[in-house]
Amino acid sequence: MTAPSGTILVVEDEIKIAELLADYFRKAEFNVQQLHTGVGVVEWVTRNSPALVLLDVMLPEVDGLSICRELRRNSSVPIMLVTARVEELDRLLGLELGADDYICKPFSPREVVARARAVLRRGERLLNRADPAAYAGIRIDQEGYRAWLGQALLDLTPVEFRLLQTLLRHPGRVFSRADLVGAVYLDHRVVTDRTVDTHVKNLRRKLAEADASGADLIESVYGMGYRLG
């Protein structure tokens, strides 16, 4: 089997867990690098451009959510959060900050590798699709994971980018929350309506901030879902 391109960066302060994950990823023919503190992660990612970052939330000195927030300012690298905090608020916060997936401790290393593969496949499928036409002044750069409204570059997380891309494919069509989950999360994981609403809310806000007219480009259709108006 051909080795996957790129490198998996495992950021985990518990050395045994980091080594275990690294072993499983290597057996799956991935290249792996490890960091055991939050300090320097953003700089490492900027210099080395890994294929995916597996990021523990509870890290010494700089926590994983802060790192995720900082990475999302300039990078669309896929991020999977690893956490022992299973409350919905923590999961939502991680997704709002731009994480592509999360996994809770204790976990099966095989599941982590499978979820990482799913995140990477999702990115590859997006790159292989044709770009949707520009609409209402919105343009996207599929390969660069960038989007503009007029001349304004939108600061979108990967999930927000895929959400906008989905709505752009069929302007005026009403997408249910289930439709959006299926289009944005190709690994078929369970995502709550509240999570979808949070992503739509953030995307809507960013579009409104970039539009001088203040128009609301994403419309809510009561009892049904959302559409690009």
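Draft legend 1. Expanded view of the sheet that holds strand β5 (residues 101-104). Reading across from one edge, β2-β1-β3-β4-β5 is the order of the five strands in this open sheet, with parallel pairing throughout. The strands lining the two open edges of the sheet, one partner per strand, are β2 (31-35) and β5. When strand polarity is set aside, the average angle formed by the axes of neighbouring strands in this sheet is 20 degrees. Strand direction decides the pairing type here: strand β3 (residues 52-56) and strand β4 (residues 79-83), joined by four bridges, are parallel.

Draft legend 2. Inspection of the nonpolar core at higher detail. The biggest cluster of nonpolar side chains holds 25 residues, and the ones touching the most others in it are I138, L164, L180, L207 and I218. Contributions of two or more residues to this core are made by β6 (138-141), β7 (146-149), α6 (158-169), α7 (177-184), α8 (193-210) and β10 (225-228). Ranked by the residues each element gives to this core, the list is headed by α6, at six residues. Apart from the residues within four sequence positions on either side, L207 is in contact with I138, L149, L154, L217 and I218. Core analysis: the second largest hydrophobic core is formed by 21 residues, L9, V57, C68 and Y102 among them.

Draft legend 3. Here's a closer look at the pattern of salt bridges. Taken as a whole and assessed by the stated rule, the structure comprises twelve salt bridges. Here K105 ties to D56 by a salt bridge, and the two come within 3.5 Å at their closest N and O atoms. Here K105 is found in the loop between β5 and α5 (109-128), whereas its partner D56 is found in strand β3, with 49 residues between them in sequence. Like D56, K105 is buried. The residue E209 makes a salt bridge to R205 at a minimum N-O spacing of 3.5 Å. Here the residue E209 and the residue R205 both occupy positions in helix α8, the gap between them amounting to four residues, near one helical turn. The exposure class of E209 is exposed, given its relative accessible area of 58%. Taken together, the shared-partner salt bridges in this structure form one network comprising E12, E14, D56 and K105.

Scoring rules and cut-offs
Residues numbered from 1 in each chain as written. Predicted model: local features only at pLDDT ≥ 70, side-chain atom pairs only at ≥ 80, totals over all residues. Heavy atoms only, no water. Pairing = 2+ DSSP bridges. Helix = DSSP H or I, 4+ residues; strand = E, 2+ residues; numbered from the N terminus. Axes fitted to C-alpha atoms, helices over the stretch in contact; angles between N-to-C directions. Core = buried A, V, L, I, M, F, W, Y, C linked by side-chain atoms within 4.5 Å. Buried < 20%, exposed > 50% of the residue type's maximum accessible area, 1.4 Å probe, protein only. Contact = heavy atoms within 4.5 Å. Salt bridge = Lys/Arg side-chain N within 4 Å of Asp/Glu carboxyl O.

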